[in-house]
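One-letter residues, chain by chain:
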Amino acid sequence: MVYIQPISAEETYPLRHSVLWPDKPFDYVKVENDAEGHHIGAFQEGELVAVISLFVKGQESRFRKFAARPDRQRQGIGTRLLNHVMDEARQLGAQTIWCDARLDTADFYRRFGMEAVSEVFYKGPIPYARFSRTL
């Protein structure tokens, strides 16, 4: 059984670090405006297994630092979490949603109707593109 609920920014940091940037210092995964975000966690058997952070500014929303434990990936948890975030963004008045996505995850985002809207760019050695869609 998976349940999704709001969490604090601080609760996202361990998963953000271990999944996304394990080779960087812990503080690297903190976002300057984390205090303004809506942070959401997916729990399974009482354990936090996936996190995502949503930032809404007017009619535009962005999600960042989407991370799921490797042993819980490809089980539908990330899909449920992203659907939840898109619903929340709509409820908060957003009309679009976007993210900077690692290119190796592009197919996942395309399943949600998101498309690349930028050229490829790099964060360190990792290629990214901005993906967006109308809500």
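It should be noted that the structure appears before, not after, this text.
First things first, this report covers the structure right here in the doc. Note that residues are indexed from 1 along each chain, following the sequence as it is written. With the structure being a predicted model, the display of local features is reserved for residues of pLDDT at least 70 and the display and counting of side-chain atom pairs for 80 or more, all residues being used for whole-chain, interface and lining totals. With hydrogens and water stripped out, all remaining heavy atoms of the structure feed into the side-chain values.

With respect to the environment of Lys30
So, point 1. Secondary structure elements follow DSSP: runs of H or I no shorter than four residues count as helices, runs of E no shorter than two count as strands, and numbering proceeds from the N terminus. Structurally, Lys30 can be placed in the loop between helix 1 (9-20) and strand 2 (38-44).
So, point 2. For the pair Lys30 and Arg16, spaced 14 residues apart in sequence, the C-alpha separation works out to 8.5 Å.
So, point 3. Working rule for contacts: check all heavy atoms of both residues, and any pair within 4.5 Å makes them a contact. Apart from the residues within four sequence positions on either side, Lys30 is in contact with Tyr13 and Arg16.
So, point 4. N or O atoms within 3.5 Å of each other form a polar contact, as long as, within protein, one can give a hydrogen and the other can take it, and as long as residues adjacent in sequence are counted only when both atoms are side-chain atoms. Within polar-contact distance, the side chain of Lys30 engages the side chain of Asp27 at 2.9 Å.

Focus on the packing of aromatic side chains
So, point 1. Between the rings of Phe, Tyr and Trp (Trp by its six-membered ring), a pair exists once the centres lie within 6.5 Å; its type follows the angle of the planes, with under 30 degrees stacked, over 60 edge-to-face, and the other angles tilted. According to the stated counting rule, one finds 10 aromatic pairs in the structure shown.
So, point 2. Ring centres of Tyr13 and Phe26 lie 6.3 Å apart, and the angle between their planes is 85 degrees; on these two criteria the pair is classed as edge-to-face. In this pair, Tyr13 sits in helix 1 while Phe26 sits in the loop between helix 1 and strand 2, placing the two residues 13 residues apart along the sequence.
So, point 3. Each residue is assigned to one of three classes by its accessible area relative to the maximum for its type, calculated with a 1.4 Å probe on protein chains only: buried under 20%, partly exposed between the two thresholds, exposed over 50%. Residue Tyr13 is classed as buried on the basis of its relative accessible area, which comes to 8%.
So, point 4. Geometrically, the ring pair formed by Phe108 and Tyr109 is edge-to-face, given 5.3 Å between the ring centres and 80 degrees between the ring planes.
So, point 5. An aromatic cluster is built from Phe63, Phe66, Phe108, Tyr109, Phe112 and Phe131, whose rings are joined through pairwise contacts.
So, point 6. Criterion for a charge above a ring: Lys NZ or Arg CZ within 6 Å of the ring centre, and within 35 degrees of the ring normal. The cationic tip of Lys123 hangs over the ring face of Tyr128; the distance from NZ or CZ to the ring centre is 4.6 Å.

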